[in-house]
Amino acid sequence: MVLVKWFMETSAPQIKDGWVRALLFFIAVPFVVSLLKLILFIPIALISGAGSLFEILWLGLNSNNNKNELEMLGMSIITLFGTVYTVFLFQKFINRTSTVLDSEFIFSMGLDFNRYKNDFVSGLFFGFVLSALGFLIFYIFNISSAVLAKVSFLDQLIYILFFVIISLNNGIIIWGYIFHNLSSSFNRYTALFFAALAFMYLNYFEVLKYSHFASTYNVMLTNFNVFLVGLFIGVYCIHKKNLWFPIGAHFALKYFQGPVFGFQYGGYAGAGNWIDSIVNQRLWIKLKPNIVVHEGGVKSATSPINYYDESILITGGKFYSIEGSIIFTGLMVLGIILVHKRYSTS
């Protein structure tokens, strides 16, 4: 069996410093993806009568504006193709590898599934367990209510495909190319830190979507938690050179948080967004003790308050939910420790 090496360089790279290559790639990806979206999306939108040219341009270049399941799935597929093509261009002309668009190129990105399918399953397991723990903590401690909803199996299938593609795309960008090239300039822990920052930035605009509704501290904590998600997903890569654990863990976190457990996050799930979850969650309205003084004595009463307004660090608030909660912070720290311990000895 021929083992394909991880992005093996056959000659000196065009750009010597790995961190410079990573930075240029991070800048180039959105341009290539946007160009591909315009080329592929505008003709389809014009034929289907989606609106004026300006509306079509805005819809094509801003994926979060798409509220239809098939629109989101289609745009995510285009994004993945754009990402893979950008990796190919950089590998061919910047890293100077003997690269062709074939199965060997796919394996070289760390996508050899047959050898690492057990790691993919482990990623799914870690992501599911952490998501389930978050749900149970919210439910057991009466932070939220949970009601089963009617399930559309077709919708769930679309959600699964969508988050598989999102996880593949993020995995290839951050852990397939950026982390690998950063590792040639820095030690693996420094490379992990900067790669997690890049992961946070990829998700920054999803967090920013609701920033005008939330407090500064809420937005900051949510961004910090997304950074921790990057560390949790990527700490595996300092021990093994493949992407299947990060892809599995990222997919499980996103899919089980949103379409299954009904947490609002990143502009995808929750009321007014396009995902219908299996479980509908609502943050509880608590009763706050209220002391009223009368002439005849002291009388106690209760008045309703929005629990998430008073305890936003615990609940994450209406718009960020668990990803803006210190509970999620603790879960991610636990996940980082467990993954690092699990694979540092493998």
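Read on for a plain summary of the structure. (Residues numbered from 1 in each chain as written. Predicted model: local features only at pLDDT ≥ 70, side-chain atom pairs only at ≥ 80, totals over all residues. Heavy atoms only, no water.)

**Some words on the packing of helix α5 (residues 113-140) against helix α14 (residues 326-344)**
Packing of α5 against α14 leaves a shortest axis separation of 10 Å and a crossing angle of 155°. Taken together, the axes of α5 and α14 lie roughly antiparallel to each other. In this structure, the crossing between α5 and α14 has a hand that is right-handed. Within the contact between the two elements, α5 uses Asp119, Ser122, Phe126, Leu130, Leu133, Gly134, Ile137 and Phe138 and α14 uses Ile327, Leu331, Met332, Gly335, Leu338, Val339 and Tyr343. Across the contact of α5 with α14, the residue classes break down as 11 nonpolar, 3 polar and 1 charged. (Axes fitted to C-alpha atoms, helices over the stretch in contact; angles between N-to-C directions. Helix = DSSP H or I, 4+ residues; strand = E, 2+ residues; numbered from the N terminus. Parallel < 35°, antiparallel > 145°, perpendicular 65-115°, else oblique. Left-handed = near helix turned anticlockwise from the far one by under 90°. Contact = heavy atoms within 4.5 Å. Nonpolar A, V, L, I, M, F, W, Y, C, P; charged D, E, K, R; others polar.)

**Structural notes on α14**
With 19 residues, α14 should reach 27 Å at 1.5 Å per residue; the first-to-last C-alpha distance of 27 Å fits that figure. For α14, every residue scored as buried is listed here: Ile327, Phe328, Thr329, Leu331, Met332, Gly335, Ile336, Val339 and Tyr343. Where α14 is buried, its residues meet α5, α9 (216-234), α10 (244-260) and α12 (312-315). (Expected span 1.5 Å × (residues − 1). Buried < 20%, exposed > 50% of the residue type's maximum accessible area, 1.4 Å probe, protein only.)

**Here's the deal with helix α6 (residues 153-182)**
A rise of 1.5 Å per residue sets the reference length of α6, with its 30 residues, at 44 Å; its end C-alpha atoms lie 41 Å apart and thus fit the reference within 8%. At Gly171, α6 shows its largest bend, some 30°. Most of α6 sits out of view: 24 of its 30 residues are buried. (Bend = angle between axes of the 7 residues up to and from the residue.)

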